[in-house]
Amino acid sequence: IQLYQDCEWRESRLQIIRVISKNPTQRSLEFLFKLALNKNDLPIAEAAIWSLGQSHQRLAARFLNHYYEHCTDVLKPSIVGALGQIPDRTMGPALLAELPKALANQEFTLVRNLILTLGELKMMEAIPDLIRIAQDHIIPDLSICALVSIGKIARDNEIISKLENTFCNDLFYFQIFT
């Protein structure tokens, strides 16, 4: 933490933020909380949020759950991505409810992170929405993300098999199934 404060170079500061989550302590988490709340430097805040996710700590999850409700829209995709790294399903239903809103508002970075996080959290309730997104093909990146999340959640291969016909017309997608 002292090294971060003494450092003059931005890239070194970002590296310190990324590394600090490797061996998290109460003090280092509090330091990351402070950086995440910094509205004057969004890249630093995003790096701190990501590092909190990498810490895999319940305290970090509680902070991120609370902060998600109060943060700026710019930070929401980062928070959702960080929550996907921590095995805490507290925000699962709220993230699932956020998915249709983000799709309607065309916030595609947030949508992508929501889809992937719902997969990481193994939210079975998300499967109908994920199937719809996978079949939609309006934005190929989102379709692939939905397919990946379905694969992480679904317990039987039948759901994936039903989607195979949707993707078989494109060689790239077809290779995923073979």
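Residues numbered from 1 in each chain as written. Predicted model: local features only at pLDDT ≥ 70, side-chain atom pairs only at ≥ 80, totals over all residues. Heavy atoms only, no water.

S.K.: Got a sec to walk through the packing of aromatic side chains? Specific residues and values, please.
M.R.: Within the structure shown, the criterion is met by three aromatic pairs. For the pair Phe 33 and Phe 63, a centre-to-centre distance of 4.3 Å together with 20° between the ring planes defines the contact as stacked. In this pair, Phe 33 sits in helix α3 (residues 26-36) while Phe 63 sits in helix α5 (residues 58-68), placing the two residues 30 residues apart along the sequence. Phe 63 shares its class with Phe 33; the two are buried. (Phe/Tyr/Trp six-rings, centres within 6.5 Å; stacked < 30°, edge-to-face > 60°. Helix = DSSP H or I, 4+ residues; strand = E, 2+ residues; numbered from the N terminus. Buried < 20%, exposed > 50% of the residue type's maximum accessible area, 1.4 Å probe, protein only.)

S.K.: Would you mind going over the layout of surface pockets in detail, with residue names and values included?
M.R.: Space inside the largest pocket adds up to approximately 170 Å³. Along the walls of the largest pocket sit Leu 103, Gln 106, Phe 108, Arg 132, Ile 133, Asp 136, His 137, Ile 138, Ile 139, Leu 142 and Ser 143, which together make up its complete lining. Of all the elements in the fold, those that place two or more residues in the lining of the largest pocket are α9 (127-136) and α10 (140-153). Per-element tally for the lining of the largest pocket: the top contributor is α9, with three residues. Within the lining of the largest pocket, the residues separate by chemical class into six nonpolar, three polar and two charged. (1 Å grid on protein atoms, 1.4 Å probe; cavity = no way out; pocket = protein on both sides within 12 Å on 5 of 7 lines; lining within 4 Å. Points joined across faces, edges and corners; volume = space filled by probe spheres on them. Nonpolar A, V, L, I, M, F, W, Y, C, P; charged D, E, K, R; others polar.)

S.K.: Please provide a residue-by-residue account of the nonpolar core, values included.
M.R.: Judged by nonpolar contacts, the single largest core of 57 residues is most densely connected at Ile 17, Ile 49, Leu 52, Leu 64, Ile 79, Leu 95 and Ile 115. Setting aside its immediate chain neighbours within four residues, Leu 52 contacts Leu 29, Leu 32, Phe 33, Ala 36, Ala 60, Phe 63, Leu 64 and Ile 86. (Core = buried A, V, L, I, M, F, W, Y, C linked by side-chain atoms within 4.5 Å. Contact = heavy atoms within 4.5 Å.)

S.K.: Which residues make up the side chain of Thr 117, and what values do they have?
M.R.: Checked against the element boundaries, Thr 117 lands in helix α8 (residues 108-120). Overall, Thr 117 belongs to the buried group, its relative accessible area being 2%. Here Asn 113 takes part through its backbone oxygen, which lies 2.9 Å from a polar atom of the side chain of Thr 117. Residues in contact with Thr 117, not counting those within four places in the same chain, are Val 80, Gly 81, Leu 83, Gly 84 and Leu 95. (Polar contact = N/O pair within 3.5 Å; in protein donor to acceptor, adjacent residues only side chain to side chain.)

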